[in-house]
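Descriptive structure summary
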There are 2 protein chains.
Amino acid sequence: MNVHDTPPAASIADVEAAAARLGTHIRRTPLLSSPFLDEIAGRRVLIKAECLQHTGSFKARGAWSAISALDPGVRQKGVIAFSSGNHAQGVAWAAAQHGVPSVIIMPSDAPALKIANTRALGAEVVLYDRANEDRDAIGDAMAAERGLTLVKPFDDARVIAGQGTTGLEIAEQAAALGVTEAEVLVCCGGGGLTSGIAVALADRAPGMRVRPVEPMGFDDVARSLASGGIERNASLTGSICDAIITPQPGNLTYPLLSRLCGPGLTVTDDEALQAMAQAFLRLKVVAEPGGAVALAAALYRAEALEGDTVIALISGGNVDPAMFARALAML
Amino acid sequence: MNVHDTPPAASIADVEAAAARLGTHIRRTPLLSSPFLDEIAGRRVLIKAECLQHTGSFKARGAWSAISALDPGVRQKGVIAFSSGNHAQGVAWAAAQHGVPSVIIMPSDAPALKIANTRALGAEVVLYDRANEDRDAIGDAMAAERGLTLVKPFDDARVIAGQGTTGLEIAEQAAALGVTEAEVLVCCGGGGLTSGIAVALADRAPGMRVRPVEPMGFDDVARSLASGGIERNASLTGSICDAIITPQPGNLTYPLLSRLCGPGLTVTDDEALQAMAQAFLRLKVVAEPGGAVALAAALYRAEALEGDTVIALISGGNVDPAMFARALAML
């Protein structure tokens, strides 16, 4: 079956259902702006500050969506996820809020702070040795033994629908400012956030076009959209934007991206750091490198954008002080 | 006339009228939280992130309130303010949004970035030599010549009412979380924000108690509340929390503070820096030192607080990278 014939992984009805489940448990993050950023970009820039979401990234939405949709009897046994980053914290938080156990499988060389944070959010963290152990085997065994449900980071219809609730808010918040046409730039890893927002906006703001933004050299989605087939990254290391680097677009996200999203954009690590510095200076929010690539494209890829308004996601703010200091040094 | 007999500088009707004028021109800033901050404080902590307001501080509210209330013929001639800080940017922005000129009188040794920012927001910046010139004489002459209206930083009923709109939002946002009783900690300089919020909450959330927070050694408001008369600071320099250091409470703000606000709290500069670091790490927002004192009190003055919920304002985020780096070094 050609990927273009795959049924939609998430429909607008799925996004609406996710929004109903999320309710007020998830923050309605603000749509920010600054005349100073408009000046740099040469057009109006609106910034959806999803770094202000619970756990510091949009991942809390997808995790809540997936966990809240489980049958209560299944949910009660708990959930499991593989992640050392934002997805881990989103799942740990959402599980704790639902009063159910969560197991997060992390490499033993993950930063101590991330391990500690995930534990503090209520998760049981299971560490594995990247060199000598198979994380899937460990996870599968635990899941089978305890009846845990796997929460995938992006290639899951309910996760995509949860991330898509961000798009419902963007449509409403932009319309309140009189904006119905814009390019919407989204930090893109596996494509869950990008495709979810695209599904929401195709229905609620059809005058908007969603464009994925990736780190230069790790642009599997941009290349996949350009070639018409799933392309892989040559390497998975070597960028400070590690939070949004994945091997390739997902089997569920790719058809949505392909059908709904415009050409991809890429930015350098230095541009991501500069965007973090501008977010600090002009918006007073903390962005992580991978969470700043869309703002970087809005500010520094003016020639590749169309229209008089651009909307950029800041998708997360979980950055350590040393990396943030590197961004501040750009000022 | 005893200050206690002074008629209220701003009533709840004034705050409501200001809110109607502000409309959607002012951001409804989010009420944030983090389980990690609850853990430090030993109680639930809700943070009103007014650093996300236009121009990076609550001052945009009071400036908009004052300027929007002027007779159109008077407003058209323009406004004037004395400030090198957040008030300058608030007035410059609000005037530009109203399409009227603004003159900001600043000392010639003010940081270049603040001068540039205020100009970029549309103001005419007039510099004076602190040692040899009288800023009031310069301002009075310009105001008389051009028919400019002075916008005071805090001792003005319309400014107080504008800042008080923050309190209307706090009451609504807290009620949505089921919170109707709490201590509300407010970063306090001249008392415009503190007294305005107190007026709003006395009407909308009478179970809440507003408490001013000041830098240690610059606690004119706390001492005034304790003694029952206006007390002055011995010095105006020597704290990194310079944005909230004023000689003494205002003639209009003091009676409101005295009637409505609980005992004051003080924190050290290091505690303000630690609170900035926690706001970075757990909330993903940028706080300036003076804007972080209320959060510092919420986190590090647990023994002086009552109840199971504390609400803390972050009043501004206009901090230079070097000072922010000092805060990050606390982590």
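Residues numbered from 1 in each chain as written. Chains lettered and ligands numbered in written order. Predicted model: local features only at pLDDT ≥ 70, side-chain atom pairs only at ≥ 80, totals over all residues. Heavy atoms only, no water.

The name given to chain A in an unreviewed UniProt entry is Pyridoxal-phosphate dependent enzyme, with the source organism recorded as Pseudooceanicola pacificus. For chain A, the Sequence similarities (unreviewed entry) comment in UniProt is given as "Belongs to the serine/threonine dehydratase family." (UniProt positions renumbered as here; feature names shortened; annotations may be inferred.)

As for the overall build of chain A
Helix and strand counts for chain A come out as 14 helices and 10 strands. Relative to its length of 331 residues, chain A is compact, with a C-alpha radius of gyration of 19 Å against a globular reference of 20 Å. Residue burial in chain A is summarised as follows: out of 331 residues, 59% are buried. The long-range fraction of contacts in chain A, counting pairs at least 24 apart against all pairs at least 6 apart in sequence, stands at 73%. Accessible area of chain A: about 12,000 Å², with a carbon and sulfur share of 50%. If the 27 positive side-chain charges of chain A are averaged to one point and the 35 negative ones to another, these points end up 4 Å apart. (Helix = DSSP H or I, 4+ residues; strand = E, 2+ residues; numbered from the N terminus. Rg over C-alpha atoms; globule rule 2.2 N^0.38 Å. Buried < 20%, exposed > 50% of the residue type's maximum accessible area, 1.4 Å probe, protein only. Contact = heavy atoms within 4.5 Å. Areas by Shrake-Rupley, 256 points an atom, 1.4 Å probe, with all protein chains shown as cover. Lys, Arg positive; Asp, Glu negative; His and termini not counted. Charge placed at Lys NZ, Arg CZ, Asp CG, Glu CD.)

What about the interface of chain A and chain B?
With 31 residues of chain A at the interface, the matching set in chain B holds 31 residues. Of all residues in chain A, the largest losses of buried area upon contact with chain B belong to R27(A), F280(A) and K284(A), amounting jointly to 26% of the total for that side. Where chain A packs against chain B, one counts zero salt bridges. Linking chain A to chain B there are 10 residue pairs in polar contact (both at pLDDT 80 or more). Looking at the side of chain A that touches chain B, the elements that each hand over two or more residues are strand 1 (31–32), helix 2 (35–41), helix 6 (112–120), helix 12 (269–283) and helix 14 (321–328) of chain A. (Buried area = accessible area lost by both parts, 1.4 Å probe. Salt bridge = Lys/Arg side-chain N within 4 Å of Asp/Glu carboxyl O. Polar contact = N/O pair within 3.5 Å; in protein donor to acceptor, adjacent residues only side chain to side chain.)

Observations concerning the pattern of salt bridges
On inspection of all chains with the given rule, the structure shows 26 salt bridges over all chains. A salt bridge links R135(B) to D136(B); the shortest N-O distance between them is 3.8 Å. Taken together, the salt bridges that share partners define one network made up of K48(A), E50(A), R61(A) and E169(A).

Details of the packing of helix 9 (residues 192–204) of chain B against helix 11 (residues 253–260) of chain B
Residues and elements named next belong to chain B. Contact geometry of helix 9 with helix 11 gives a least axis separation of 9 Å together with a crossing angle of 50 degrees. Judged on the interaxial angle alone, helix 11 and helix 9 are oblique. Helix 9 and helix 11 meet at a crossing whose hand is left-handed. Across the interface between the two elements, G192, T194, S195, A198, V199 and A202 from helix 9 touch T253, L256, L257 and L260 from helix 11. For the contact of helix 9 with helix 11, the class distribution of residues is six nonpolar, four polar and no charged. (Axes fitted to C-alpha atoms, helices over the stretch in contact; angles between N-to-C directions. Parallel < 35°, antiparallel > 145°, perpendicular 65-115°, else oblique. Left-handed = near helix turned anticlockwise from the far one by under 90°. Nonpolar A, V, L, I, M, F, W, Y, C, P; charged D, E, K, R; others polar.)

Things to note about the environment of A13(A)
Residue and element names in this part refer to chain A. Locating A13 in the fold gives a position in helix 1 (residues 12–22). Residue A13 is classed as partly exposed on the basis of its relative accessible area of 45%. For the pair A13 and S34, spaced 21 residues apart in sequence, the C-alpha separation works out to 34 Å.

Comments concerning the UniProt feature "domain: Tryptophan synthase beta chain-like PALP" (unreviewed entry) in chain A
Here, UniProt's "domain: Tryptophan synthase beta chain-like PALP" (unreviewed entry) annotation points to residues 24–316 of chain A. For residues 24–316 of chain A, helix accounts for 43% and strand for 16%, while the C-alpha atoms at its two ends are 20 Å apart.

Focus: the sheet that holds strand 5 (residues 124–128) of chain B
All names here are of chain B. Pairing within the open sheet is parallel, and its four strands lie in the order 5-4-3-6. Strands at the two margins of the open sheet, each flanked by one partner only, are strand 5 and strand 6 (149–150). As defined by bridge partners, strand 4 (residues 102–107) adjoins strand 5 across five bridges and the pair is classed as parallel. If you follow P107 over to strand 5, its bridge partner there is Y128. (Pairing = 2+ DSSP bridges.)

What to know about the packing of aromatic side chains
Here the structure, examined in full by the defined rule, presents seven aromatic pairs over all chains. On the numbers, 6.2 Å between centres and 75 degrees between planes, the contact of F280(B) with F324(B) is edge-to-face. Residue F280(B) is found in helix 12 (residues 269–283), and its partner F324(B) is found in helix 14 (residues 321–328); the two are separated by 44 residues along the sequence. Residue classification places F280(B) among the buried positions, given a relative accessible area of 1%. Taken together, the ring pairs connect F280(A), F324(A), F280(B) and F324(B) into an aromatic cluster. (Phe/Tyr/Trp six-rings, centres within 6.5 Å; stacked < 30°, edge-to-face > 60°.)

A short note on the pairing of strand 7 (residues 182–187) of chain B
All names here are of chain B. Of all the six residues making up strand 7, six are buried; the element is thus mostly covered by neighbouring parts of the structure. Side chains A182, V184 and V186 project from strand 7 onto one buried face, and the interleaved E183, L185 and C187 project onto a second face that is buried too. Inspection of the sheet shows strand 7 paired to strand 8 (residues 208–215) by six bridges, in the parallel sense. Across the sheet, C187 pairs through a bridge with V213, a residue of strand 8. Crossover connection from strand 7 via helix 9 to parallel strand 8: handedness right-handed. Here strand 7 runs beside strand 10 (residues 309–314); their pairing, made up of three bridges, is parallel. (Right-handed = clockwise from strand over helix to strand, strands pointing away.)

Thoughts on helix 8 (residues 157–176) of chain B
Residue and element names in this part refer to chain B. Along its 20 residues, helix 8 runs 29 Å from first to last C-alpha, staying within 8% of the 28 Å computed at 1.5 Å per residue. Burial runs high along helix 8: 15 of the 20 residues are buried. The N-cap of helix 8, judged by a side-chain oxygen 2.7 Å from the amide nitrogen of R158 a few residues on, is D156. (Expected span 1.5 Å × (residues − 1).)

What to know about the relation of the copies chain A and chain B
It takes a turn of 180 degrees to lay chain A on chain B, together with a shift of 0.0 Å along the axis; the resulting RMSD is 0.0 Å. One copy is carried onto the other by what is essentially a two-fold rotation axis. Of every C-alpha in chain A, the one belonging to V285(A) sits nearest the axis of rotation, 2.2 Å from it. Both copies share a contact surface, since 100% of the interface residues of chain A are interface residues in chain B too. (Least-squares fit on C-alpha atoms with pLDDT ≥ 70 in both.)

Re unusual backbone geometry
The phi angle at T55(A) is positive, at roughly 70 degrees, despite the residue not being glycine. Its location among the elements puts T55(A) in the loop between strand 2 (44–49) and helix 3 (59–68).

Quick word on the state of the cysteines
Scanning all chains against the criterion turns up zero disulfides over all chains. C241(B) forms no disulfide, and the closest cysteine sulfur to it belongs to C187(B), at a distance of 8.7 Å. (Disulfide = S-S within 2.5 Å.)

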